[in-house]
Amino acid sequence: MVINLHNIPNIYCNFSRFMIFSYHQFLFFKDMLKKFAYTLQDKKIFNQELSSFLPQRIIDIHVHLWKRNHIKSEKLVGEQINQQPFLDQEIVDGFTYEDFNKIIKVLFPGKNYEGVFFGFPYRVGEIDKINLMMKEEILKKEKDSFFIPRPKDDYDFLVKTIKKDGFLGLKPYPDLANDVDYTDQDTVCISDFLTESHLKAANRFNMIIMLHIPKKRRLNDEKNIEEIRNICSTFPNIKLVLAHAGRSYCPSDIKESIKKIKDLKNLYVDTSMVNERRVLELLFENLNIEKIIFGSDLPVAGIKGKNICINNKHYFVTSEKYPWSITGVNIKEEDLTFFIYEEIREILDVVLRLKGHKDIINKIFYKNALNLLNDTKVKLGREQSGRI
Ligand SMILES: [Zn+2]
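Below is a summary of the structure that appears in this document. (Residues numbered from 1 in each chain as written. Predicted model: local features only at pLDDT ≥ 70, side-chain atom pairs only at ≥ 80, totals over all residues.)

### With respect to the nonpolar core
We count it as follows: As used throughout, a nonpolar core is a set of buried Ala, Val, Leu, Ile, Met, Phe, Trp, Tyr and Cys residues joined through C-beta atoms within 7 Å of each other. With C-beta atoms placed from the backbone, a residue is labelled by how many other C-beta atoms lie within 10 Å of its own: buried for 20 or more, exposed for 12 or fewer, partly exposed between the two. Segments assigned H or I by DSSP are reported as helices when at least four residues long, segments assigned E as strands when at least two residues long, and all are numbered from the N terminus. For the purpose of contact definition, each residue receives a C-beta atom placed from its backbone, and two residues are in contact when these atoms lie within 7 Å.
Core analysis: the largest hydrophobic core is formed by 96 residues, its most contacted members being Phe 146, Ala 202, Ile 209, Leu 211, Leu 240, Val 241 and Ala 369. Of all the elements, helix α15 (residues 358-380) adds the most residues to this core, at 8 residues. Apart from the residues lying within four places of it in its own chain, the contact partners of Ala 369 are Ile 59, Ile 61, Val 116 and Ile 293.

Right under this line is the structure:
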């Protein structure tokens, strides 16, 4: 059964009826996530393993939004498309706020699931148009959004934009750095795409910076550690969130390196796309609970698969073969569930085992993000949201 995205409200009303008709691929969001398929098995995972453990209110600090016409037609760079599901238009071809709401109703029925939104931070994206969409379609609805800065954006421009539009954070990205060899991520340093002007403006408004670190060795690269330490100590009002816990998908990415940054008072991590149990254990063993924030990386987290670590290297496993994933003839789509469910499943497992009580879960999935967002809102003179 193939059902179009536009039918979602009706489907939703008749959810249980459709369930019995179709074991496999009963929903197909072909307008955005081309491979979205929700099955009885997924429903069972949510009901039995996730729903009763998750708080009623959830904040997801890592959601990308963009429209198809925000992507320039120029050819994508080879190495990137091999690594980045976001750049694979066979998988996802735009994801709007409306799409987010539809998919959330299916994946998290009964929950108040809010996103913190930012655009598609790649060179092939029309960054001006994407930031404008955030202003028009997110901030004007009083939802939370981060601005994607380019190296050319100076202090005055950013201060004006933040004050006028109410962005709560910045989402700089290595791909937007100037004058570097884009096919070799080791040539990019954090300061190439997160400039002093960006940092000064963010510091002035107590903003969150969602940082995707560069370099092949990730947190094991000393240059990254040096820059992270420097940012946190020079700009104490900034809340620096390492996206994907510093791209730590394998324990070896973070096992030693976390010790070099764990003392930084204004350093945080998000959990987006991290589903490796040992990585999560290392985060909980080393960081205060307030420093760990749930993020998903939707829309990519809405496809089916899992991150695995083999010999200290990370791979995406999917049922179909993509340039950026591995698979096997025996891996069927019905054997897999959503990346986002795998992420949450492992967080819950680790937290319940190590920390054992619900208040911790509430902090990771709701309160920690809320506190950071409200701190920036107070500074900007905006109304705080939610309950702390
Ligand atoms: Zn992301």
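Still more to cover.
### Notes on the sheet that holds strand β11 (residues 325-326)
The following threshold applies: For two strands to be treated as a pair, DSSP must find at least two bridges joining them.
If you trace the 3 strands from one edge of the open sheet to the other, you get β9-β10-β11, paired in mixed fashion. Either end of the sheet is taken by a strand with one partner, and the two such strands are β9 (306-310) and β11.

### Let's talk about the packing of helix α14 (residues 339-354) against α15
Which entries qualify depends on this criterion: All axes are obtained by fitting lines to C-alpha atoms, using only the stretch in contact for helices, and the reported angles, taken between N-to-C directions, cover 0 to 180 degrees. Note on convention: near helix rotated counterclockwise from far helix by under a right angle means a left-handed crossing. Clockwise means right-handed. Side-chain classes follow a simple rule in which Ala, Val, Leu, Ile, Met, Phe, Trp, Tyr, Cys and Pro form the nonpolar group, Asp, Glu, Lys and Arg form the charged group, and the remainder, Gly included, forms the polar group.
Taken N-terminus to C-terminus, the directions of α14 and α15 make an angle of 145 degrees; their axes are 9 Å apart at the nearest point. Here the hand of the crossing between α14 and α15 comes out right-handed. Note on element contacts: α15 touches α14 through Ile 360, Ile 361 and Ile 364, opposite Ile 347, Leu 348 and Val 351. Of the residues belonging to the contact of α14 with α15, the class tally is 6 nonpolar, no polar and no charged.

### Digging into the packing of helix α3 (residues 40-50) against α14
Angle between the axes and distance between the axes are the two parameters that describe a pair of packed helices. Keep this limit in mind: An angle below 35 degrees is read as roughly parallel, one above 145 as roughly antiparallel, one from 65 to 115 as roughly perpendicular, and any other as oblique.
Their axes nearest at 11 Å, the elements α3 and α14 cross at an angle of 20 degrees. One finds that α3 runs roughly parallel with respect to α14. In this structure, α3 meets α14 at a crossing whose hand is left-handed. Taken together, the residues of α14 that come into contact with α3 (itself represented by Asp 42, Ile 45, Phe 46, Glu 49 and Leu 50) are Tyr 341, Ile 344, Arg 345 and Leu 348. A class-by-class count of the residues in the contact of α3 with α14 yields 6 nonpolar, no polar and 3 charged.

### Here we look at the environment of Pro 172
Within the secondary structure, Pro 172 sits in the loop between β4 (169-170) and α8 (190-193). Each C-alpha atom of the pair Pro 172 and Pro 121 lies 7.5 Å from the other, and the pair is 51 residues apart in sequence. Apart from the residues lying within four places of it in its own chain, the contact partners of Pro 172 are Pro 149, Phe 193, Leu 194, His 198, Ile 209 and Leu 211.

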